[in-house]
Amino acid sequence: MSDLRDLYQDLIVDHSKNPRNFREMPDANRCADGFNPLCGDKLRLYLKIDDEGVIRDASFKGSGCAISTASASMMTGMIKNQSIERARDLFDTFHQLVTRPHEELDPNEAGIGLGKMAVFAGVNEFPARVKCATLAWHTLKNALEDKQEAAHTE
Amino acid sequence: MSASMSAVGLDVQALRRDFPSLDQQVHDKPLAYLDNAASAQTPLPVIDAIRDHYLRDRSNVHRGVHELSQRATNAYEKARVKVQRFLNAPSYEEIIWTRGTTEGVNLVASSWGRANVRAGDEVLISALEHHSNIVPWQMLCQQSGATLRVIPMNQAGELLQDEYERLLTERTKLVAVNHVSNALGTINPVREMIAKAHAVGAVVLIDGAQAIPHMAVDVRALDADFYAFSGHKIFGPTGIGALYGKKALLEAMPPYQGGGDMIASVTFEKTIYNDLPYKFEAGTPNIADAIGLGAAVDYVQKIGMDAIAAYEAELLSYATEKVAAIDGVRLIGTARHKASVLSFEVVGVHPHDVGTILDREGVAVRAGHHCAQPVMEFYGVAATTRASFAFYNTREEIDQLVGAIGKVKELFG
């Protein structure tokens, strides 16, 4: 049970049950879809980016498991008022945190800047679920690059 | 009755000893393998048959005059006869080795379909089909200009027979349905459905992937035109399966693939095709796994398909009762006639989270759309959690499943 708690931390369960920023955004200027064909997880990410390249608003809609929903919920909160460059850095940090073996990561640097999102470190021990945690982030990357095709993490 | 004997007389504990993979711990819990509809475990006699081939008889078939090739050919063709008898097919010529059910369906769609289906014709499938019994027919319809029609189902997951009769017309060239639904476990009344299709002159392909490990299948009694199944669902190896087809149909069909073994003679001007079944078996086949599948057929026949069906019916009814009694669990697929599949939803929890938690409790299930997205759409869910049983599963394993669902509720409560 303890290792399951590493994955399903209270914060993750809470965000999955009550996702924040869970709404459409009619005046978004960037929008991207994420889709995991094997899981059926689907999400649409909305961003409002100003002329200075700062993400002024972020939201999402869709359906997915607790991990992908919580990840999208927390990510959209976190990237608000961040520059595009900063959001890209966060993508890299998050990606490393959930995909690289923990022993390879420098404990003083792993997850730095991710704040509460560092709770996703537990996903690392559940290889089958990494794609759930990263779906929103890959969708963000596509939205920032203004790519038209849906992001996949399969 | 000894403790390990079931009410219907299967000595499950003794049978489990033939499956060493069942006896292990995962995440420090005893394994409860309830993902048999995805792939079943393999017993020692099957592993031994494959091993014997590699240790003694390894060579090509139908080619060599040497002893090893003779032995390999004998074992390989003997396995074909085993499958023929298992299905009660009239002739070994009607058994074609394939990679699995998917290839069997594709063979019929490509070869029979292209020769017989034209613009204006209709191909009839059902709302319960696996993607492998949908997509090949969509491809055929796109190529030929024929129309794909779908037999609808009710909330329980049973095909609507009156709608089926209405959809059957002289335009219907082929009906393709599964014998047992992989997503819900519904047993379709295929014998009656075949008779109705024949009444309008349609040919019928039965996807037997989920029926073959659970019940006696008699293609003559069913009067099936084509019947496809996979070895790995019936405790055999992966990458091997068989397609039964009526001889008259197979003889009239063009080859599926060209190559060695499927020819009688080749010149640059003209090729004479080989006789059945070899006409449909181009290239060096999957010899060892065909032999393994033969051993798997022997194995289940020794237990007895009727004994297996009776035991599993008892197990499914126990599981259905226990899982349905859990507060906040909805069963998906409640047909009157079902085989060994229990699909369900823990309300408010995504099946992938359920699958992960069950895995950590030692319970292996499938969480997903089961390659049957139209079925999921019908029930308004993206995915379900599916427990699926074999004759080696026990009531204790179902209790372990029920306990693990309790953990899901604890974490998400």
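See the structure above.
None of these values were measured; they are calculated from a predicted model.

**Topic: the interface of chain A and chain B**
And step 1. Taken together, the contacts link 21 residues of chain A with 16 residues of chain B.
And step 2. Taking both partners together, chain A and chain B bury about 1,500 Å²; carbon and sulfur atoms supply 58% of that area.
And step 3. On the surface where chain A and chain B come into contact, there are two salt bridges.
And step 4. When the shortest N-O distance is used, the salt bridge between A:D3 and B:R360 registers 3.0 Å.
And step 5. On the surface where chain A and chain B come into contact, there are ten residue pairs in polar contact (both at pLDDT 80 or more).
And step 6. Per-element tally for the side of chain A that touches chain B: the top contributor is helix α1 (residues 2–7) of chain A, with four residues.
And step 7. Along the lines of polarity and charge, the residues of the side of chain A that touches chain B split into twelve nonpolar, three polar and six charged.

**Points about the pattern of salt bridges**
Residues and elements named next belong to chain B.
And step 1. Counting across every chain of the model gives 29 salt bridges over all chains.
And step 2. Linking R16 and E397 is a salt bridge whose minimum nitrogen-to-oxygen distance equals 3.2 Å. Of this pair, R16 sits in helix α1 (residues 12–16) while E397 is found in helix α14 (residues 395–412), placing the two residues 381 residues apart along the sequence. The burial state of R16 is the same as that of E397; both residues are buried.
And step 3. Residues K82 and D298 are paired through a salt bridge, measuring 2.8 Å at the closest nitrogen-oxygen approach. One end of the pair, K82, is in helix α3 (residues 67–87); the other, D298, is in helix α10 (residues 287–303), and 216 residues separate them in sequence.

**Quick look at helix α12 (residues 351–360) of chain B**
Residues and elements named next belong to chain B.
And step 1. Taking burial as the measure, the ten residues of α12 include nine buried ones, the bulk of the element.
And step 2. Where α12 is concerned, the buried positions are P351, H352, D353, V354, G355, T356, I357, L358 and R360.
And step 3. G362 sits one or two positions beyond α12 and adopts a positive phi of about 90 degrees.

**A closer look at the packing of aromatic side chains**
And step 1. One pass over the full model with this rule turns up 14 aromatic pairs over all chains.
And step 2. On the basis of an interplanar angle of 15 degrees and a centroid distance of 4.9 Å, the ring pair of A:F94 and A:W137 is categorised as stacked. Residue A:F94 is located in helix α4 (residues 84–99), and its partner A:W137 is located in helix α5 (residues 130–145); the two are separated by 43 residues in the primary sequence.
And step 3. Looking at A:F94, the relative accessible area reads 0%, which means it is buried.
And step 4. Ring centres 5.9 Å apart and planes at 65 degrees place the aromatic pair B:F19 and B:F391 in the edge-to-face group. One end of the pair, B:F19, is in the loop between α1 and β1 (25–26); the other, B:F391, is in the loop between β17 (384–388) and α14, and 372 residues separate them in sequence.
And step 5. A connected cluster of aromatic rings, assembled from ring pairs, spans B:F19, B:F235, B:Y299, B:F391 and B:Y392.
And step 6. In this structure, B:R360 packs its charged tip against the face of A:F126, placed 3.9 Å from the ring centre.

Criteria and thresholds
- Residues numbered from 1 in each chain as written.
- Chains lettered and ligands numbered in written order.
- Predicted model: local features only at pLDDT ≥ 70, side-chain atom pairs only at ≥ 80, totals over all residues.
- Heavy atoms only, no water.
- Contact = heavy atoms within 4.5 Å.
- Buried area = accessible area lost by both parts, 1.4 Å probe.
- Salt bridge = Lys/Arg side-chain N within 4 Å of Asp/Glu carboxyl O.
- Polar contact = N/O pair within 3.5 Å; in protein donor to acceptor, adjacent residues only side chain to side chain.
- Helix = DSSP H or I, 4+ residues; strand = E, 2+ residues; numbered from the N terminus.
- Nonpolar A, V, L, I, M, F, W, Y, C, P; charged D, E, K, R; others polar.
- Buried < 20%, exposed > 50% of the residue type's maximum accessible area, 1.4 Å probe, protein only.
- Phe/Tyr/Trp six-rings, centres within 6.5 Å; stacked < 30°, edge-to-face > 60°.
- Lys NZ or Arg CZ within 6 Å of the ring centre and 35° of its normal.

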